[in-house]
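These are the residues of each chain, in order.
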Amino acid sequence: METHPKGNHARILLSSVFGPYAQDDEFGSRSINPMELYHNQVTRAQGSFSLRMFHRSWGIMMIQENISAPCSVLDFPTRKAFARELTTNHYDVVGISSIIVNVGKVREMCRMVRELSPDSAIVVGGHVAAIPGVEHMIDADHIVRGEGISWMRRYLGEDEQAPIRHPNIVSGLETRIMGIRLPNRKGGTAATIIPSVGCPMGCNFCTTSAFFGGKGKFVNFYETGDELFEVMCRVESELRVNSFFVMDENFLLHRTRAMRLLELMKEARKSWELSVFASANAIRKYTMLELVELGVSWVWMGLESPKAGYSKLQGNDVRQLTRELREHGIRVQGSTIVGLEHHTPDNIVEEIEAAIAHQTDFHQFMLYTPVPGTPLYQEMADQGRLPTDMDPADIHGQFKFNFRHAAISREDSKRFLDWAFWRDFESNGPSLYRMCQTMLKGWQRYKDHPDPRIRERFAREMKKLSSAYNAALWVMEKEFKKVNRGVSERIHKLRREVEKEFPVVARLTAASLGPILLWSTRREEKRLAAGRTYEPPTFIERRNWVSAT
Ligand code: B12
Ligand code: SF4
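Numbering of residues starts from 1 in each chain and follows the order in which that chain's sequence is written. Written order determines the labels here, with chains lettered from A and ligands numbered from 1. With the structure being a predicted model, the display of local features is reserved for residues of pLDDT at least 70 and the display and counting of side-chain atom pairs for 80 or more, all residues being used for whole-chain, interface and lining totals. As a rule here, side-chain values come from all non-hydrogen atoms in the structure, and water together with hydrogens is ignored.

## Observations concerning the overall build of the protein chain
A tally of regular secondary structure across the protein chain gives 19 helices and 17 strands. All radius of gyration figures rest on C-alpha atoms, and the globule criterion is 2.2 Å times the number of residues raised to 0.38. The C-alpha radius of gyration computed for the protein chain amounts to 24 Å, which stays within 12% of the reference 24 Å derived for 549 residues, consistent with globular compactness. A principal-axis box enclosing the C-alpha atoms of the protein chain has dimensions of 70 × 55 × 45 Å. Relative to its full complement of 549 residues, the protein chain shows a buried share of 59%. In this description, contact between two residues means that some pair of their heavy atoms is separated by no more than 4.5 Å. A sequence separation of at least 24 residues applies to 75% of the contacts in the protein chain between residues at least 6 apart. Only the protein chains shown count as covering a residue, and every accessible area follows the Shrake-Rupley method with a 1.4 Å probe. Taken as a whole, the protein chain presents about 22,600 Å² of accessible surface, with 52% of it coming from carbon and sulfur. Here the protein chain carries 73 positive and 67 negative side-chain charges, and the mean point of each set is 6 Å from the other. Strands here are runs of E lasting at least two residues and helices are runs of H or I lasting at least four, both read from the DSSP assignment and numbered beginning at the N terminus. Only protein chains enter the accessibility calculation, which uses a 1.4 Å probe; a residue whose area is less than 20% of its type maximum is buried, one above 50% is exposed, and one in between is partly exposed. Counted as positive: Lys and Arg. Counted as negative: Asp and Glu. His and the chain ends are not counted at all. A charge is said to be at NZ when it belongs to Lys, at CZ for Arg, at CG for Asp and at CD for Glu.

## Some remarks on helix α17 (residues 468–483)
End to end, α17 covers 23 Å across 16 residues, agreeing with the expected 22 Å (1.5 Å per residue, within 8%). Within α17, burial applies to Asn470, Ala471, Ala472, Leu473, Val475, Met476, Glu477, Glu479 and Phe480. Where α17 is buried, its residues touch α14 (410–428), α15 (431–446), α16 (452–465), α18 (485–501) and α19 (503–529). One less than the residue count of a helix, multiplied by 1.5 Å, gives the span that helix is expected to have.

## What to know about the site of ligand 1
Definition of nearness: a residue and a molecule or strand are near each other if at least one heavy atom of the residue lies within 4 Å of the molecule or strand. Within the structure, ligand 1 sits among 39 residues, and Asn40, Gln41, Ser57, Ser97 and Glu147 are positioned closest to it. Pairs of N or O atoms are called polar contacts if they sit within 3.5 Å, as long as, within protein, a hydrogen donor faces a hydrogen acceptor (for residues adjacent in sequence, only side-chain-to-side-chain pairs). Between ligand 1 and the protein, one listed contact pairs a nitrogen atom with a backbone N or O atom of Arg56 at 3.5 Å. The separation between a nitrogen atom of ligand 1 and a polar side-chain atom of Ser57 is 2.8 Å. Only α1 (37–41), α2 (58–65), β4 (93–97), β5 (121–125) and α6 (207–211) provide two or more residues apiece to the shell around ligand 1. Split into classes, the residues belonging to the shell around ligand 1 amount to 17 nonpolar, 18 polar and 4 charged. Three classes are used, and their members are as follows: Ala, Val, Leu, Ile, Met, Phe, Trp, Tyr, Cys and Pro are nonpolar, Asp, Glu, Lys and Arg are charged, and the others, Gly among them, are polar.

## Some words on the pattern of salt bridges
Only one rule defines a salt bridge in this text: a Lys or Arg side-chain nitrogen within 4 Å of an Asp or Glu carboxyl oxygen. Overall, the coordinates contain 47 salt bridges when judged by the stated rule. A salt bridge links Glu135 to Arg145; the shortest N-O distance between them is 3.7 Å. In this pair, Glu135 sits in the loop between β5 and β6 (142–144) while Arg145 sits in the loop between β6 and α5 (148–155), placing the two residues 10 residues apart along the sequence. Note that Asp451 and Arg453 form a salt bridge whose closest N and O atoms lie 3.4 Å from each other. Both residues of the pair, Asp451 and Arg453, belong to the buried class. Salt bridges here are not isolated pairs; linked through shared partners, they connect Glu477, Arg495, Arg496, Glu499 and Arg507.

## What about the pairing of strand β3 (residues 71–75)?
In the case of a regular strand, side chains alternate between the two sheet surfaces. Burial of β3 is extensive: 5 of the 5 residues sit out of reach of the surface. By the alternation rule, side chains of β3 split into Cys71, Val73 and Asp75 and Ser72 and Leu74, which are all buried. We call two strands paired when DSSP finds no fewer than two bridges between them. Strand direction decides the pairing type here: β3 and strand β17 (residues 539–543), joined by 5 bridges, are antiparallel. Its bridge partner lying in β17, Asp75 is registered against Phe539.

## Here's the deal with empty space enclosed by the protein
As defined here, a cavity is a set of points on a 1 Å grid over the protein atoms alone where a 1.4 Å probe fits but cannot get out. A pocket is an open set with protein on both sides within 12 Å along at least five of seven lines, and residues line them when an atom is within 4 Å of a point. Grid points are joined across faces, edges and corners, and a volume is the space filled by probe spheres set on the points. All chains considered together, the criterion is met by 4 cavities of 30 Å³ or more. Of the pockets and cavities examined, the second largest cavity occupies roughly 50 Å³. Here the lining of the second largest cavity takes 3 residues from α16, the largest share from any one element. Of the residues contributing to the lining of the second largest cavity, the split by class is 3 nonpolar, 2 polar and 4 charged.

## Comments concerning the packing of helix α7 (residues 225–239) against helix α8 (residues 255–267)
For the pair α7 and α8, interaxial distance at closest approach is 8 Å and the crossing angle is 50 degrees. Relative to α8, the element α7 lies oblique. Crossing of α7 against α8: the hand is right-handed. Of the residues in α8, those in contact with Gly225, Asp226, Leu228, Phe229 and Met232 of α7 are Arg257, Arg260, Leu261, Leu264 and Met265. Each residue belonging to the contact of α7 with α8 can be placed in one class, and the counts come to 6 nonpolar, 1 polar and 3 charged. Axis angles are defined between N-to-C directions and span 0 to 180 degrees, where every axis is a line fitted to C-alpha atoms and, for a helix, only to the segment in contact. For classification purposes, angles smaller than 35 degrees are called roughly parallel, those larger than 145 roughly antiparallel, those between 65 and 115 roughly perpendicular, and all remaining angles oblique. In a left-handed crossing the near helix is turned counterclockwise from the far helix by less than a right angle, and in a right-handed crossing that turn is clockwise.

On their own, these measurements won't tell you what the molecule is for.
Printed below as a string of structure tokens:
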């Protein structure tokens with residue numbers, strides 16, 4: 001690859017694709033595919049109790065932090081804002097980051113760059129680059145597959161082996177639930193830490209694994225517990241957080257690194273909370289106490305059907321594991337694939353019920369989706385099972401199958417998926433309630449633990465549970481009484497238990513804050529029924545910046 005003629009003096013714009021996102025339009029936005037993690041694929045059937053928040057585009061933030069060229073990151077622009085940025089500043093390089101669904105927006109953004117900033121070189125990166133033949137779909141100068149920091153450093157003539165600097169990333173923003181937007185308090189939200197990209201497990205459908213090398217491969221930014229600890233300490237002090245969202249596909253798989261991190265946390269008396277992604281077999285490498293000591297407070301774990309034979313689940317009773325985790329105060333977010341090869345209209349309901357019976361705090365459902373670039377996609381293509389008229393904007397796992405399933409039609413795939421979300425909500429109640437349940441169990445088990453780091457962490461959680469969350473329980477109990485008595489009674493029982501632990505403060509907040517929350521919840525239900533959607537704000541952040549003369 002040639003380096004850019006201006007090397008690291010080139011002026012760089014890195015942009016995510018333009019919004020608004022939660023609407024149907026000709027560029028590939030879909031109302032069913034909002035820019036929200038939970039409301040898109042986890043709590044979307046939970047109405048006003050759905051957890052709503054946005055996450056920044058971390059890939060371009062990482063690249064910006066690791067090059068010395070003057071660089072702007074433009075996140076969640078509108079088309080107008082993107083055009084304005086191109087015309088008010090001169091850029092030698094325009095980098096566009098996208099996933100596959102948004103290829104139509106990349107095409108339009110490339111067109112805009114050619115028109116408004118014709119001297120700029122266009123670099124497109126992120127998962128969109130995995131589409132076979134993407135070079136014929138968009139007008140870009142470089143299409144970057146895989147890890148982007150090293151590519152960009154190479155392109156600018158910088159040292160691609162230099163250590164990775166981690167940007168300060170606030171994990172979620174504009175969090176909203178029950179019609180209330182939570183204040184963006186410094187330190188109030190976890191910081192995102194990205195130790196690696198890719199995953200060596202290599203499940204055949206997995207796009208992140210395939211994109212960064214496939215089975216047996218991944219890119220580690222921080223090899224050791226020491227390196228990770230150093231990054232976390234810096235972020236802790238700069239963002240004033242003690243909670244981290246660890247964005248690593250299978251954090252617990254790397255036991256040596258995790259155990260070294262724990263050693264350092266103990267030495268420095270860090271009472272941190274970690275939210276992690278981990279497969280069941282990786283979790284089983286730890287005792288519950290080790291997980292709790294490490295501060296693991298939230299685990300995102302695949303619950304793929306045991307009949308599917310994915311190696312990460314073999315030999316595990318995942319239902320028992322889920323129960324155990326929750327009993328130790330660790331929230332579990334299950335992830336279930338709907339429409340696996342062995343699913344039929346006769347067994348799918350039973351399989352979904354089995355997944356729901358895990359009673360996780362949160363539950364993500366996704367359609368089995370052959371995504372370009374994965375072994376599964378190639379397999380389907382070889383078998384002639386991929387319709388040729390699919391719009392990539394509809395390949396996101398929350399709509400209908402993008403392939404011909406042996407037993408289930410496209411229409412039915414959507415029905416089963418929607419039913420799974422509904423059924424989980426109906427039988428297990430709002431995720432917020434389930435989360436409160438897990439938090440209370442953790443507190444009851446560990447409030448007198450000899451390790452002050454552990455006590456401190458559960459005490460922090462209890463501050464929320466004994467106040468605002470208890471008021472929320474009061475509202476949920478009330479709202480569910482009319483529509484789902486069973487769930488309402490379970491919430492009532494939990495609320496009583498919370499009030500037994502914290503008789504004064506919990507009752508007081510339920511009585512004072514409860515009615516306000518009830519009002520905002522009902523107002524939100526009305527807004528949602530009238531079609532209200534939410535969009536992330538636009539960000540522009542400049543680094544090494546000097547205005548062009
Ligand atoms: C955070 C996240 C989101 C956030 C949004 C983030 C954002 N601002 O866009 C939310 C939760 C809203 C979201 C939504 C969706 N997401 Co998402 N998301 C992620 C997640 C968990 C982390 C992304 C991340 O930051 N990774 C870490 C960074 C460092 O890696 P990276 O982004 O890949 O960037 C690296 C390279 O790709 C490259 N690179 C990236 N951009 C650029 C740009 C240039 C110029 C260059 C040179 C290089 C480059 O360099 C970076 C450093 O190496 C990933 C899973 C994952 N582990 O990556 C899924 C993932 C990206 N999402 C995915 C999907 C499918 C979706 C949804 C369609 C899912 C759905 N139905 O809910 C929606 C789409 C919403 C929409 N309207 O666009 C898929 C993408 C699949 C694909 N092949 O396209 C992923 C991979 C999850 C998965 N395993 O299926 N997502
Ligand atoms: S374990 Fe998860 S992240 Fe790793 S390859 Fe399988 S699905 Fe992908």
